[in-house]
Amino acid sequence: MKKKRKFRFHVFLQVIGLVFIAILTIFPIYWTLNVSLLPEREIMRTRPHYFPPPDVANLDSYSEIFTRYDVLRNMFNSIIIVVPASLITLMLSFAIAYAVAKYTFKWKKIFLYGIIWLMALPWIVYVLPIFQVANSLRLLDTHVLMILLYGFSGIPLFTWFALPYLYDFPSEMIDAGRLDGCTEIAILLRIVMPTLKNAMLALFILRFIWAYNDLLYALSFTFHRAKMIMPTLLEFPGYTAMPFAQMAAGGFIAVLPILLIVIFFQNYVVSGLTGRTFK
Amino acid sequence: MRHKKALILLLVIPFLFFVLSHLLPFFYGIRLSFFDWRGNYVGFKNFVAVFNDQAFWDSIRFTLLYSGVVTLGMTALGLFIGVFISSLGFGQGFAKSVLLIPWAISLTAWGLLSQIALSQQYGVVNDFLLRFGFIQSRLAWLGDTTLAPYSVILARIFRDVWFSGLLFLAACQLIPVELYEESRVAGAGVLQNFIYVTLPSLRTTILFVGTILFIFSLQEFDLIFSLTGGGPGMATEVASLNIYRHGIRYGNYEYGIAISTIWSLFISLFVVTIFAPLQRRMLEQ
């Protein structure tokens, strides 16, 4: 009897902890939605509404941001830049990781140290020189520049992420391909990549999320034609007024695609992040 | 022979794209930092100017404080969250899904949302703390030069502590159950289990997560740019923002590059002494 009660108390604490975690993790997105549905004057009150009262809630701030800023166009820009860029990152990184994992060469150790160094070097150190080079090539504010930059900038990190999968890849399958007369590229494209398609999809999703969410390159190299969504969000807070409802509405719209990806492809995201394939 | 051709095709050429797009501009930038804006060679003049700039040292100091506290906070709390969820007999799938939700919100959007939540007059954080009597008067989270650095740090921890919890959760699930059974047979309680089984098994994960978080927080730009822009004054200016301010906003190009050269040397030193040996050990396992 006594033991049963103690057990129940233990479970009770666990439930409380779980609910606490759920509230804290969901609250930010809930609050964004809440604020975005309120008129600005209903936000400027010292006792904030904890949920939007039905008689004042409306979608005005959404229509406001869609008419005053190019939210949808810039989101579209972000997506058509980031999708090909992520594909480029993945193809190049898997090729490099395959070579590192399955070939022996003299300067492998130095190469690995180099990759680690490049992962740690902050992005800001590339921004100023790239700006000048891109400017002289007349490539600033173009989709091509952004696709190439996001495509290539992920190489060190994603080579590192791909390495464990390729170290674990059975060498027998590669040898079998060689016996069948495949070239090394054909082995990579027809044997290694199809076998690792779950891992590739997981890392593709990760690369997509990181590039889409990145601010620094988008802010520094796109201004109008190829403008991406993250720098667009920063236009909402004005110098004189803080339109909280519009900031929240813009934030919610910009975050929505990533939120959906994370919810629907949760297993892929987790396995990509923890470096484990799921069965 | 066959290998040599394949190496060039699969390693050298793909990597060349990174070299051309990033490394060459990087070294070109280092060269530029020895010139003034008219293209005259000035030696170390830009570097001397940077070393005499108090704002530069302040930004370095804040970057280290920020990275240190963020890393410690996220590692310790994340470890706690991960161990807690892995000890649950139910709801682990549910917990996994909610842990990723804040991580999906981009740091730029997170900065805007934090501005809304931390607003002195209208923010939910002040209202909540007032209602429950934690504070007597409204705090200027982002307007006060002593408070703002901690607000920025807290905003960052609050977003990503769940993510680090997820990494620890994944590592916890790899610990063999037999270890816990043995320690239960030996009469260990919850605390002893944690100290003698969980912690030693997670030692490499803790080191790995800690260094990765530290490395990434040293690069921080997005959140602080969108949350405070480095202000009030320059109270929350990290190294990346300092470089951006001089190089892009002030158009002080060569000076900005000189800072970024010094900063990349700092980072490289850290990589060579701590980060690289640790990462390689992780990979070899």
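Treat the numbers as computed from the prediction; the structure is a model and nothing was measured.

**Here's the deal with the overall build of chain B**
So, step 1. Counting secondary structure elements, chain B contains 14 helices and 0 strands.
So, step 2. Counting from the amino terminus, helix and strand elements in chain B follow one another as α-α-α-α-α-α-α-α-α-α-α-α-α-α.
So, step 3. Taken along its principal axes, the extent of the C-alpha atoms in chain B is 75 × 75 × 30 Å.
So, step 4. Counting the 285 residues in chain B, one finds 55% classified as buried.
So, step 5. Long-range pairs, those at least 24 residues apart, make up 67% of the contacts in chain B with a sequence separation of at least 6.
So, step 6. Put simply, chain B shows about 13100 Å² of open surface, and 68% of that area lies on carbon and sulfur atoms.

**Things to note about empty space enclosed by the protein**
Residue and element names in this part refer to chain A.
So, step 1. Tallied over the entire structure, the rule returns 4 cavities of 30 Å³ or more.
So, step 2. The calculated volume of the largest cavity comes to roughly 80 Å³.
So, step 3. Listed by contribution, the elements that provide at least two residues to the lining of the largest cavity are α1 (2-36) and α2 (40-43).
So, step 4. Residue contributions to the lining of the largest cavity peak at 3 residues, all from α1.

**As for the side chain of Thr-25 of chain A**
So, step 1. For Thr-25 of chain A, the position within the fold is in helix α1.
So, step 2. A polar side-chain atom of Thr-25 of chain A sits 2.9 Å from the main-chain carbonyl oxygen of Ile-21 of chain A.
So, step 3. If near-sequence neighbours (up to four positions away) are discounted, Thr-25 of chain A is found in contact with Val-98, Leu-99, Ile-101, Pro-102 and Trp-162 of chain B.

**With respect to a nonpolar patch on the surface**
So, step 1. A cluster of nonpolar side chains, namely Met-91, Trp-107, Ile-110, Ile-185 and Leu-189 of chain A together with Ile-8, Leu-9, Val-12, Ile-13 and Phe-17 of chain B, defines an oily patch on the protein surface of about 850 Å² accessible area.
So, step 2. Mapped onto the nonpolar patch, the elements with two or more residues apiece are α10 (184-195) of chain A together with α1 (2-32) of chain B.
So, step 3. The dominant element in the nonpolar patch, judged by the number of residues it contributes, is α1 of chain B, at 5 residues.
So, step 4. Note on placement: Leu-189 of chain A falls in helix α10.

**With respect to the packing of helix α4 (residues 71-102) of chain A against helix α11 (residues 197-213) of chain A**
All names here are of chain A.
So, step 1. Relative to each other, α4 and α11 sit at 135°, their axes nearing to 9 Å. In terms of orientation, α4 lies oblique with respect to α11. Two packed elements cross with a definite hand, and for α4 against α11 that hand is right-handed. Between α4 and α11, the contacting residues are Met-75, Ser-78, Ile-79, Val-82, Val-83, Ser-86, Leu-87, Thr-89, Leu-90, Met-91 and Phe-94 on the first element and Met-200, Leu-203, Phe-204, Arg-207, Phe-208, Ala-211 and Tyr-212 on the second.
So, step 2. Residue composition of the contact of α4 with α11, grouped by class: 14 nonpolar, 3 polar and 1 charged.

**Here we look at α11 of chain A**
Residues that lie three or four places apart on an α-helix share one face, since the helix turns once every 3.6 residues.
So, step 1. Compared with an ideal rise of 1.5 Å per residue, which puts 17 residues at 24 Å, α11 of chain A spans 24 Å between its outermost C-alpha atoms and is within 8% of the ideal.
So, step 2. With 13 of its 17 residues buried, α11 of chain A lies for the most part within the structure.

**Re the interface of chain B and chain A**
So, step 1. Contacts between the two partners involve 92 residues from chain B and, on the opposite side, 97 residues from chain A.
So, step 2. In total, chain B and chain A occlude about 8600 Å² of area from one another, counting both sides; carbon and sulfur atoms represent 79% of this.
So, step 3. Along the contact surface separating chain B from chain A lie 1 salt bridge.
So, step 4. Among the salt bridges present, the one from Arg-47 of chain A reaches Asp-127 of chain B, with a minimum N-O distance of 3.6 Å.
So, step 5. Along the contact surface separating chain B from chain A lie 10 residue pairs in polar contact (both at pLDDT 80 or more).
So, step 6. Here the element with the most residues in the side of chain B that touches chain A is α1 of chain B; it accounts for 19 residues.
So, step 7. Residue composition of the side of chain B that touches chain A, grouped by class: 60 nonpolar, 25 polar and 7 charged.

**A few points about the pattern of salt bridges**
So, step 1. In total, this model carries 15 salt bridges over all chains according to the counting rule given.
So, step 2. The closest approach of N and O atoms between Arg-68 of chain A and Glu-64 of chain A, which form a salt bridge, is 3.2 Å. Of this pair, Arg-68 of chain A and Glu-64 of chain A both sit in helix α3 (residues 60-68), 4 residues apart, which is roughly one turn of that helix.
So, step 3. By relative accessible area, Arg-68 of chain A is classed as exposed at 52%.
So, step 4. Between Asp-175 of chain A and Arg-178 of chain A there is a salt bridge, and its shortest N-O distance comes to 3.4 Å. Taken together, the positions of Asp-175 of chain A and Arg-178 of chain A, both in helix α9 (residues 171-179) and 3 residues apart, correspond to about one turn of that helix.
So, step 5. Residue classification places Arg-178 of chain A among the partly exposed residues on the basis of a relative accessible area of 23%.
So, step 6. Connected via shared salt-bridge partners are Arg-156, Arg-159, Asp-160 and Glu-220 of chain B.

**Notes on the environment of Thr-104 of chain A**
So, step 1. Position of Thr-104 of chain A among the secondary structure elements: in the loop between α4 and α5 (108-120).
So, step 2. Spatially, the C-alpha atom of Thr-104 of chain A lies 48 Å from that of Arg-73 of chain A, the residues being 31 residues apart in sequence.

**Some details on the side chain of Asn-213 of chain A**
So, step 1. Relative to the elements of secondary structure, Asn-213 of chain A occurs in helix α11.
So, step 2. Looking at Asn-213 of chain A, the relative accessible area reads 8%, which means it is buried.

**Examining the domain arrangement of chain A**
Residue and element names in this part refer to chain A.
So, step 1. Examined at the domain level, chain A breaks down into domain 1 (2-62) and domain 2 (65-274).
So, step 2. The straight-line distance from the C-alpha centre of domain 1 to that of domain 2 is 33 Å.
So, step 3. Across the contact, 11 residues belong to domain 1 and 13 residues belong to domain 2.
So, step 4. Taken together, the two surfaces of domain 1 and domain 2 that pack against each other cover about 980 Å², and 76% of this comes from carbon and sulfur.
So, step 5. For the interface between domain 1 and domain 2, the tally reads 0 salt bridges.
So, step 6. At the junction of domain 1 with domain 2, the criterion picks out 6 residue pairs in polar contact (both at pLDDT 80 or more).
So, step 7. Counting residues per element, the ones that place at least two in the side of domain 1 that touches domain 2 are α1, α2 and α3.
So, step 8. The element that contributes the greatest number of residues to the side of domain 1 that touches domain 2 is α1, accounting for 5 residues.

**A word on the environment of Ile-130 of chain A**
Residues and elements named next belong to chain A.
So, step 1. Assignment of secondary structure puts Ile-130 in helix α6 (residues 124-136).
So, step 2. Relative accessible area serves as the criterion here: at 3%, Ile-130 is assigned to the buried category.
So, step 3. Sequence separation of Ile-130 and Phe-221 is 91 residues, and the distance between their C-alpha atoms is 8.9 Å.

**Overview of unusual backbone geometry**
With the exception of glycine, most residues fall at negative phi, and the peptide bonds are largely trans.
Residue and element names in this part refer to chain A.
So, step 1. The backbone of Arg-138 shows a phi angle near 55°, a positive value even though the residue is not glycine.
So, step 2. Looking at where Arg-138 falls in the secondary structure, it is placed in the loop between α6 and α7 (143-153).
So, step 3. Looking at Arg-138, the relative accessible area reads 74%, which means it is exposed.
So, step 4. Despite not being glycine, Asp-141 shows a phi value in the positive range, around 65°.
So, step 5. In this structure Asp-141 comes out as buried when scored by relative accessible area, which is 10%.

Reading the values: rules and limits
Residues numbered from 1 in each chain as written. Chains lettered and ligands numbered in written order. Predicted model: local features only at pLDDT ≥ 70, side-chain atom pairs only at ≥ 80, totals over all residues. Heavy atoms only, no water. Helix = DSSP H or I, 4+ residues; strand = E, 2+ residues; numbered from the N terminus. Buried < 20%, exposed > 50% of the residue type's maximum accessible area, 1.4 Å probe, protein only. Contact = heavy atoms within 4.5 Å. Areas by Shrake-Rupley, 256 points an atom, 1.4 Å probe, with all protein chains shown as cover. 1 Å grid on protein atoms, 1.4 Å probe; cavity = no way out; pocket = protein on both sides within 12 Å on 5 of 7 lines; lining within 4 Å. Points joined across faces, edges and corners; volume = space filled by probe spheres on them. Polar contact = N/O pair within 3.5 Å; in protein donor to acceptor, adjacent residues only side chain to side chain. Patch = residues over 30% accessible without salt bridge, like charges linked within 9 Å, V, L, I, M, F, W, Y side chains within 5 Å. Salt bridge = Lys/Arg side-chain N within 4 Å of Asp/Glu carboxyl O. Axes fitted to C-alpha atoms, helices over the stretch in contact; angles between N-to-C directions. Parallel < 35°, antiparallel > 145°, perpendicular 65-115°, else oblique. Left-handed = near helix turned anticlockwise from the far one by under 90°. Nonpolar A, V, L, I, M, F, W, Y, C, P; charged D, E, K, R; others polar. Expected span 1.5 Å × (residues − 1). Buried area = accessible area lost by both parts, 1.4 Å probe. Domains from an automatic or database assignment.

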